[in-house]
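# Geometric and topological summary
Given next are the chains, with one letter for each unit.
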Amino acid sequence: MHNDDKIGLDDAYSLKTPEDNIALYRDWAKTYDSEFAQARGYQYPQRIAEIYKYHAKSHDSPVLDIGSGTGLVASALQENNNVDSPVVIDGVDISPEMLAVSREKDLYRQLFEVDLTQPINLPENQYGAMISAGTFTHGHVGPEALTKLLPLCRSGALFVIGINGTAFDEYHFGSHFAALQADGHITPIEFVRVQYYASAEDDHAADQGYAAVFRKALSS
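Residues numbered from 1 in each chain as written. Predicted model: local features only at pLDDT ≥ 70, side-chain atom pairs only at ≥ 80, totals over all residues. Heavy atoms only, no water.

## Overview of the overall build of the protein chain
In terms of helices and strands, the protein chain carries 9 helices and 7 strands. A fraction of 73% describes how many contacts in the protein chain between residues 6 or more apart in sequence connect residues 24 or more apart. Accessible area of the protein chain: about 10800 Å², with a carbon and sulfur share of 48%. (Helix = DSSP H or I, 4+ residues; strand = E, 2+ residues; numbered from the N terminus. Contact = heavy atoms within 4.5 Å. Areas by Shrake-Rupley, 256 points an atom, 1.4 Å probe, with all protein chains shown as cover.)

Listed below in structure tokens is the structure:
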């Protein structure tokens, strides 16, 4: 990160280790919503929430938000909710500072500090859905984390997992998904193309990703 500049995407995309992530978001947490999300028209969390709402059934709850950050996906899920009660959402993130920001918004039932590159110490078969926007990208978490996340969900649970478009190929998400499906762990996947930004004007303005939509297999 350049000391004279605001933290930005180039800093995030240059991360290599969990420690790098913790250090970056320690400094970025308090300004992330205003200087990044609002300034760029960051619509990725809203799109992931919309896709979840389109596919979700009444039993696809509670939801686990992977890489929950400052709570942008959870906020989008709670807004315009078409049922009387709020969506029950838990969140996991590697950054205690990002978790502190989201905790102040009162969006989550529970929040957990979790490094997805390590064993995940959460109860199995607890969740009816998993969502994620912005975690599966450059310098963050690879597809192997999905294998560790699947046991946390009940059979038939809905997954809406956003994956950076170039990281998808670089980290071999396609072959990993193919193996999970071939081995009977997940259902066939629907991919939805997602445009990240509504008002950015820099080199990343046209960045896109894929939302992978599938369910945990009933027999898994």
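Read on, since the account is not over.
## So, the side chain of Ser132
Relative to the elements of secondary structure, Ser132 occurs in strand β4 (residues 127-136). Here the side chain of Ser132 touches Ile66 through a polar contact of 3.0 Å, landing on its backbone oxygen. Beyond its immediate sequence surroundings of up to four residues, Ser132 is in contact with Ile48, Asp65, Ile66, Val160, Ile161 and Gly162. (Polar contact = N/O pair within 3.5 Å; in protein donor to acceptor, adjacent residues only side chain to side chain.)

## Here's the deal with the sheet that holds strand β6 (residues 190-195)
Within the open sheet, the 7 strands sit side by side as β3-β2-β1-β4-β5-β7-β6. Their pairing is mixed. Edge strands, defined here as strands with exactly one partner in the open sheet, are β3 (110-113) and β6. Pairwise comparison of adjacent strand axes, ignoring direction, gives a mean angle of 15° for this sheet. Inspection of the sheet shows strand β2 (residues 89-93) paired to β3 by 4 bridges, in the parallel sense. Residue Asp90 lies in a different strand from β3, and its bridge partner there is Gln110. Against the sheet, helix α6 (residues 96-103) contacts β2 and β3, and its axis sits at roughly 170° relative to β3. (Pairing = 2+ DSSP bridges. Axes fitted to C-alpha atoms, helices over the stretch in contact; angles between N-to-C directions.)

## Brief notes about the environment of Lys53
If you trace the backbone, Lys53 turns up in helix α4 (residues 44-55). Given a relative accessible area of 33%, Lys53 falls into the partly exposed group. Here the alpha-carbon distance between Lys53 and Leu77, two residues 24 residues apart in the chain, equals 7.8 Å. A distance of 3.2 Å separates a polar side-chain atom of Lys53 from the backbone oxygen of Ala76. (Buried < 20%, exposed > 50% of the residue type's maximum accessible area, 1.4 Å probe, protein only.)

## Some remarks on the pattern of salt bridges
Per the counting criterion, the structure on display carries 4 salt bridges. Taking the shortest distance from any N to any O, the salt bridge between Lys105 and Asp33 comes out at 2.6 Å. Placement of the pair is Lys105 in the loop between α6 and β3 and Asp33 in helix α3 (residues 32-40), with a sequence separation of 72 residues. A relative accessible area of 16% places Asp33 in the buried class. With a shortest N-O distance of 2.9 Å, Arg109 and Asp90 are connected by a salt bridge. Taken together, the residues Arg109 in the loop between α6 and β3 and Asp90 in strand β2 connect sequence positions 19 residues apart. (Salt bridge = Lys/Arg side-chain N within 4 Å of Asp/Glu carboxyl O.)

## What about the environment of Phe173?
With respect to the helices and strands, Phe173 occurs in helix α9 (residues 173-182). C-alpha of Phe173 to C-alpha of Ile163: the two residues are 10 residues apart in sequence and 8.5 Å apart in space. The contact partners of Phe173, leaving out residues within four places of it in the chain, are Phe136, Val141, Gly142, Pro143, Ile163, Ala167 and Phe168.

## Concerning the nonpolar core
Formed by 39 residues in total, the largest nonpolar core has its most connected members in Tyr32, Tyr42, Ile48, Tyr52, Ile131 and Val160. Beyond its immediate chain neighbours, meaning those up to four positions away, Val160 contacts Ile48, Ile51, Tyr52, Met130, Ile131, Ser132, Ala212 and Val213. In this structure, Met130, Leu146, Leu150 and Phe177 belong to the second largest nonpolar core, which totals 29 residues. (Core = buried A, V, L, I, M, F, W, Y, C linked by side-chain atoms within 4.5 Å.)

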